[in-house]
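Chain and residue survey
Each chain, written out:
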Amino acid sequence: MDGEVVVYTRESSMEITILESTMVYPAEETPRTTIWVSNMDLFMTRYHISTVYFYKRNGSSNFFDAEVLKEALSKILVPFYPIAGRLGYDENGRLEIVCNAEGVLFTEAETTSAMDDLVKDFTDGSKVPQLVPKIDYSGGISSYPLLALQLTSFKCGGVSLGVSFQHTLVDGTSGLHFINSWADTARSMSPSIAPFLDRTLLRARDPPTPRFRHVEFEPSPTLKTVSDPEAPRPSIVSVFNIRADQVKALKDKVIDCSPDKAKYSTYSILTAHIWRCATKARELAEDQEVKLTMPIDGRNRLCPPLPPGYFGNVIFFSAPFVAANDVVSEPFIDTVKRVHEMLKEMNDEYLRSGIDYLEKVGDINSVMRGPQTMRCPNLSINSWIWLPIHDADFGWGRPIFMRPANIVHEGKVYIMPSPTKDGSLTLATRLETPHMKRFGNLLYEFSC
């Protein structure tokens, strides 16, 4: 497959002027209570996860008027009142959400830089992280807002909206539920789905009874061929565009290679292809064990499914371990089947077992994910293909692109859908510097 690798040049510096920072509070009195958080909430990083939306000017005289946004934000914080709270600890020292209406940080800023230079710039020198608010963690967990927003105006007339959500509060689905509900409110529309705030639906069983080996919580393999596998190694971020016809060609090839002509999901096929390309590009020892981490939304895999609007973290992880030689030498259809079978195993019983497993872990921090989870020889593939990441229309049109603010960890891959819904995809990944060129070449090749 021929494809496009995106290369960006940037201005050497970007100055951002902060115009105003305010706390936005719920428009009405909200319950003063605490919310119990599940093991899946506790398993997530305690920091904020940042994304950025980009919007082109539409000619409106009140284009992205901050007062309109803040008024709508104040209104939507009433049903989503935990977002205006803070973290705290209960009497047993367990993390909880304290619903105290202390507010959401809203920052207004401007820059003389050009927006087009930044939209898909993921390089280490990128200024995109400056488009999200900085969080001051020095005062402890009860001191900082769970959501911080930054509206930045560009010299071209466009704007960006930087969003930083504390990860204990939400996963991607819940975060988007809130942002899209806020956008609906700004357009004087009632959000279609109310948040479901009771997280006890994900409480562990009593007694907790894990029934499977949960390799997703086990340490990831380390690289055999270096003396200090924990030492940081140089890495870079690259962005690849994959056209809709290339996606179709890849799927058609899989069908052609399948003896029973079975059909597999786009996610299974793309994940298998990316995993295979990365493993080949890294030129690992044949007996090197590798781990692929696949974040999975458990909302509809649980039985019964969680209620619409469940607000919290429901991300589970499928994580096959396999020898590198198996990935690079087996027929590609077998790698697709491997991914497909792992995803099939993520049913209600396995997910409930995972919750119980975490309940029995003495210190949940000991199994939390970090840079070591995905770094070479491992990989983590996050698909946003089916997430409504481009639906946040605040009244001035849909975003031209939405993306993570940056990619910090080597071995992390994001697959993002096209904002125009044309079926094309954007793939952004950080890999070790010597591996990236070959990965890019392999990505656009395919054989059974």
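The paragraphs below set out a description of the structure included in this document.

Cut-offs used in this document
- Residues numbered from 1 in each chain as written.
- Predicted model: local features only at pLDDT ≥ 70, side-chain atom pairs only at ≥ 80, totals over all residues.
- Heavy atoms only, no water.
- Helix = DSSP H or I, 4+ residues; strand = E, 2+ residues; numbered from the N terminus.
- Rg over C-alpha atoms; globule rule 2.2 N^0.38 Å.
- Buried < 20%, exposed > 50% of the residue type's maximum accessible area, 1.4 Å probe, protein only.
- Axes fitted to C-alpha atoms, helices over the stretch in contact; angles between N-to-C directions.
- Parallel < 35°, antiparallel > 145°, perpendicular 65-115°, else oblique.
- Contact = heavy atoms within 4.5 Å.
- Pairing = 2+ DSSP bridges.
- Polar contact = N/O pair within 3.5 Å; in protein donor to acceptor, adjacent residues only side chain to side chain.
- Phe/Tyr/Trp six-rings, centres within 6.5 Å; stacked < 30°, edge-to-face > 60°.
- 1 Å grid on protein atoms, 1.4 Å probe; cavity = no way out; pocket = protein on both sides within 12 Å on 5 of 7 lines; lining within 4 Å.
- Points joined across faces, edges and corners; volume = space filled by probe spheres on them.
- Nonpolar A, V, L, I, M, F, W, Y, C, P; charged D, E, K, R; others polar.

1. Overview of the overall build of the protein chain
Looking only at helices and strands, the protein chain has ten helices and 17 strands in total. For 448 residues, the compact-globule estimate of 2.2 N^0.38 gives 22 Å, and the protein chain sits close to it at 22 Å. Across its three principal axes, the protein chain shows a C-alpha extent of roughly 60 × 55 × 45 Å. Burial analysis of the protein chain (448 residues in total) assigns 56% to the buried set.

2. A short note on the packing of helix H4 (residues 244-257) against helix H7 (residues 332-344)
Relative to each other, H4 and H7 sit at 100°, their axes nearing to 9 Å. Here H7 runs roughly perpendicular to H4, going by the angle between their axes. Here H4 contributes Leu250, Val254 and Cys257 to the contact with H7, which in turn contributes Phe332, Ile333 and Val336.

3. Side note on the sheet that holds strand E5 (residues 86-89)
In space, the three strands of this open sheet follow the order E3-E6-E5, with antiparallel pairing throughout. With one partner strand each, in any of the chains shown, strand E3 (33-36) and E5 form the two edges of the open sheet. Pairwise comparison of adjacent strand axes, ignoring direction, gives a mean angle of 40° for this sheet. With four bridges joining them, E3 and strand E6 (residues 95-99) adopt antiparallel strand pairing. Bridging across to E6, threonine 33 finds its partner in cysteine 99.

4. Some thoughts on the environment of alanine 272
Along the chain, alanine 272 turns up in helix H5 (residues 266-282). A sequence separation of 62 residues divides alanine 272 from aspartate 334, and the C-alpha atoms of the two residues are 9.1 Å apart.

5. Description of unusual backbone geometry
Glycine aside, residues mostly have negative phi angles, and peptide bonds mostly take the trans form. Put simply, aspartate 206 and proline 207 share a cis peptide bond, and its omega is 0°. Inspection of the secondary structure puts proline 207 in the loop between helix H3 (172-186) and strand E10 (235-242). Residue proline 304 follows cysteine 303 across a cis peptide bond; omega there is 0°. Locating proline 304 in the fold gives a position in the loop between strand E11 (289-297) and strand E12 (315-318). Residues other than glycine seldom take positive phi values, yet phenylalanine 64 does so here, at roughly 45°. By the secondary structure assignment, phenylalanine 64 is in the loop between strand E4 (48-55) and helix H2 (66-76).

6. What about H2?
Buried within H2 we find Ala66, Leu69, Lys70, Ala72, Leu73, Ser74 and Ile76. In this structure, the buried residues of H2 make contact with strand E2 (16-24), strand E7 (104-111), strand E8 (147-153) and H3. You can read the cap of H2 off the contacts: a side-chain oxygen lies 2.8 Å from the backbone nitrogen of glutamate 67, and it is on aspartate 65.

7. Quick look at the packing of aromatic side chains
Taken as a whole and assessed by the stated rule, the structure comprises 21 aromatic pairs. Relative to tyrosine 137, the ring of tyrosine 47 lies with its centre 5.1 Å away and its plane at 90°, an arrangement referred to as edge-to-face. Placement of tyrosine 47 in the loop between helix H1 (39-42) and E4 and of tyrosine 137 in the loop between E7 and E8 is noted, with a sequence separation of 90 residues between them. Considering the side-chain rings of tryptophan 384 and tyrosine 414, the 5.2 Å spacing of their centres and the 70° angle between planes classify their relative orientation as edge-to-face. Of this pair, tryptophan 384 sits in the loop between strand E14 (379-383) and strand E15 (401-404) while tyrosine 414 sits in strand E16 (residues 412-417), and the two are 30 residues apart along the sequence. Taking relative accessible area as the criterion, tryptophan 384 reaches 13% and is therefore assigned buried.

8. Quick word on the sheet that holds E7
Hydrogen bonding along the main chain pairs the strands of a sheet, whether they run parallel or antiparallel. Ordered in space as E2-E7-E8-E9-E4-E15, the six strands form an open sheet in which the pairing is mixed. Looking at the sheet topology across the chains shown, the edges are occupied by E2 and E15. Strand-to-strand twist of the sheet, defined as the mean angle between neighbouring strand axes without regard to direction, takes the value 15°. Bridge analysis of E4 against E15 gives four bridges, and the strand direction is antiparallel. Note on E15: the bridge partner recorded for tyrosine 53 is methionine 402. The strands that H2 touches are E2, E7 and E8; relative to E7, the one it contacts most, it runs at about 165°.

9. Description of the layout of surface pockets
Here the idea is plain: a probe the size of a water molecule rolls over the atoms and shows the empty space left. In this structure, the second largest pocket occupies an estimated 400 Å³ of space. Around the second largest pocket sit 19 residues that line it, and Thr173, His177, Ile193, Gly309 and Pro388 are the ones nearest its centre. The class makeup of the residues in the lining of the second largest pocket is nine nonpolar, eight polar and two charged.

10. A few points about the pairing of E10
With seven of its eight residues buried, E10 lies for the most part within the structure. The sheet contact formed by E10 and strand E17 (residues 425-432) spans eight bridges and is antiparallel. Note on E17: the bridge partner recorded for isoleucine 236 is leucine 431.

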